[in-house]
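# What the coordinates show
The chain contents come next:
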Amino acid sequence: MLSRVMPCRAGPCHAVPHRAVPCHAVPAHAMPCRTVPCRAAQHGAARRPAGTCAGGRSRRPDITAAGSPLPDGSARPPAAAQRMSGGDMAKPLLGHRSMEGDPSITPAAGRTIGVLGSGDFARSLAIRLVCSGFKVVVGSRNPKRKAGLFPSAAEVTFQAEAVKKTDVIFVAVFREHYSTLCDLADVLAGKILVDVSNNTEINHHKESNAEYLASLFPACTVVKGFNVVSAWTLQSGARDGNKQVLICSNNQEAKRTVAEIAQVMGFTPVDMGCMSSACEIENIPLRLLPAWKIPIFLALGLFLCFFTYNLVRQVIHPYIREQKNKFYKIPVEVVNTTLPCVAYVMLSLVYLPGVLAACSQLYYGTKYRRFPDWLDQWLQHRKQIGLLSFFCAALHAVYSLCLPMRRSHRYQLIETAVKQSTLGFIALVISTLHTLTYGWSRAFDENQYKFYLPPTYTLTLLVPCTVILAKVVFNLPCIQQRLLRIRRGWEKGRYVKFVLPSATGEYSSGETSSNV
């Protein structure tokens, strides 16, 4: 869904589409939208009719439909010409509109760009701007000392002098140092400030860095952008990193100017909406593999549990009871016994939340009841859990090459090969049959119960057997049909039964059902 921002003179007005978080205006062909009042209304101002701003003036959107005139009087290209170009790197991030290929964006090479700051990011940014054909003016508190760090084509001067020579300034300083720029407030008035900073923690402050910068310089237009691009990407080129540059601002023209600069530098600008999206953009670099956090901790927890259990059985028990030193088994054999246990249990944990979800749907008789948060998170992490299961199985195969290729290891290598296929549940069934075949005779051997602890494989069978038995029960025709109806939208309480009165005034024995 294409989304653009419509500015308001009294404050950022937002036309919020259905189920959208950032404020965007939806085209006429999109789903209906609802209008959120201006920010001035949130501070005690009276509600105004939809489409108007402070003073009763009609809100004039900068982004109009295809074929309608632009503010400068030129005709807008058709909608097809505004669509994003193909390719994986051209796809918009987070479902927002990519500004690549927008005919309204004109080349900006040759203009003067200012950079406030002399750190690594400022230096990389200056190098990339110079290589892209821009004139760069760097503002530093100590220009003589920092001049040698920047390319010779870039002019390094004092901050006040650099601000006077350009209208677009990249603020490459930390949030804590924004206040040091307050002396330049009069010179910065009316200029575009591009905030490239990030936080050290997610939601570390109540307001984003860009909003804080805008509060310090109300006479300036602040644009959030380039914070998801690393200094290495700026120096090495867009091919060595993320090509997208996320941009947000309450001023459409300022966003367009920064988008022009990003395109000339070889990046793909992505319109993220108004300034309220700045906090979301600043959190993106801090979310390193967010979907892998819980599965990794789960895998580590299972590994520690099974490793400790196997250590007691294979190393500590012989040392105490038989005075045998088998500590040499810890780095290879004990680890190799632990890895298939972790892989086996995690593979079963991929299918266990589906079983619990089916039980919940059967119990409540509807698919529209929300699952508990823990089950919802579990369902969302099934893919990561499955990949970690395969990773542990692959490590088990590598470790097995370090040991004599006994018959049991051949069976386990077959198990690993099956796990690499897409038939995960078949792999779970085969792994269960393998474990039962391998340990059936050992389950009744008293010598296998060391410190009265059962063999490790008996513990790993609990969850997989539960999942397989539940799958068998759910495949029974009587349960399968009911579950299928629920997943197609049927609800247990959807039908209301009532009795029609008879002609004699008494209720008849017949019943009529009606859909609600």
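To start, this report covers the structure provided alongside it.

About the thresholds
Residues numbered from 1 in each chain as written. Predicted model: local features only at pLDDT ≥ 70, side-chain atom pairs only at ≥ 80, totals over all residues. Heavy atoms only, no water. Buried < 20%, exposed > 50% of the residue type's maximum accessible area, 1.4 Å probe, protein only. Helix = DSSP H or I, 4+ residues; strand = E, 2+ residues; numbered from the N terminus. Pairing = 2+ DSSP bridges. Right-handed = clockwise from strand over helix to strand, strands pointing away. Contact = heavy atoms within 4.5 Å. Phe/Tyr/Trp six-rings, centres within 6.5 Å; stacked < 30°, edge-to-face > 60°. Lys NZ or Arg CZ within 6 Å of the ring centre and 35° of its normal. Salt bridge = Lys/Arg side-chain N within 4 Å of Asp/Glu carboxyl O. Core = buried A, V, L, I, M, F, W, Y, C linked by side-chain atoms within 4.5 Å. Axes fitted to C-alpha atoms, helices over the stretch in contact; angles between N-to-C directions.

### Points about the pairing of strand E11 (residues 268-271)
- The alternating pattern of E11 places Thr-268 and Val-270 on one face and Pro-269 and Asp-271 on the opposite face, and all of these are buried.
- Here 4 bridges tie strand E10 (residues 244-247) to E11, and the two strands are oriented parallel to one another. When the sheet's bridge partners are listed, Gln-244 is paired in E11 with Thr-268.
- Where the polypeptide runs from E10 across helix H8 (residues 252-264) and back to E11, its parallel neighbour, the crossover connection is right-handed.

### Considerations on the side chain of Ser-389
- Along the chain, Ser-389 falls in helix H13 (residues 382-400).
- With sequence-adjacent residues up to four places away left out, Ser-389 is seen in contact with Ala-343, Met-346 and Leu-347.

### Regarding the packing of aromatic side chains
- This model, assessed by the stated rule, comprises 7 aromatic pairs.
- In this structure an aromatic cluster arises from ring pairing among Phe-170, Phe-226 and Phe-267.
- Sitting above the plane of the Tyr-212 ring, Arg-175 keeps its charged end 4.4 Å from the centroid.
- A cation over an aromatic ring shows up here: Arg-369 above the ring of Tyr-364, its NZ or CZ 3.9 Å from the ring centre.

### Remarks on the pattern of salt bridges
- As enumerated under the stated definition, the model contains 8 salt bridges in all.
- Here Lys-224 and Glu-282 are joined by a salt bridge, their closest N and O atoms 3.0 Å apart. Taken together, the residues Lys-224 in strand E9 (residues 221-224) and Glu-282 in helix H9 (residues 278-283) connect sequence positions 58 residues apart. Residue Lys-224 shares its accessibility class with Glu-282, and that shared class is buried.
- In this structure, Lys-324 engages Glu-322 in a salt bridge whose closest nitrogen and oxygen atoms are separated by 3.2 Å.
- Its relative accessible area of 41% is what places Lys-324 among the partly exposed residues.
- Looking at Glu-322, the relative accessible area reads 44%, which means it is partly exposed.

### Examining the nonpolar core
- In terms of nonpolar packing, the biggest core is built from 55 residues, with Leu-129, Phe-170, Leu-193, Phe-226 and Met-265 touching the most fellow members.
- When near neighbours in sequence (up to four residues on either side) are disregarded, Met-265 contacts Leu-125, Arg-128, Leu-129, Ser-132, Phe-134, Phe-226 and Leu-234.
- Core analysis: the next-biggest nonpolar cluster, separate from the first, contains 42 residues, Ala-299, Ala-343, Ile-385 and Ile-468 among them.

### Digging into the sheet that holds strand E8 (residues 192-195)
- A sheet is described by the order of its strands in space; here 6 strands give the open sequence E6-E5-E4-E7-E8-E9, paired in parallel fashion. Edge positions in the open sheet fall to strand E6 (155-158) and E9, since each of these has one partner strand only. On average, each strand axis in the sheet is tilted by 25° relative to the strand beside it, whichever way the strands run.
- Note that E8 and E9 share 4 bridges and pair parallel. Bridging across to E9, Leu-193 finds its partner in Val-222.
- Lying over the sheet, helix H6 (residues 209-216) contacts strand E7 (168-171), E8 and E9, oriented at roughly 170° with respect to E9.

It is worth stressing that arrangement in space is one thing and function is another; only the former is reported here.
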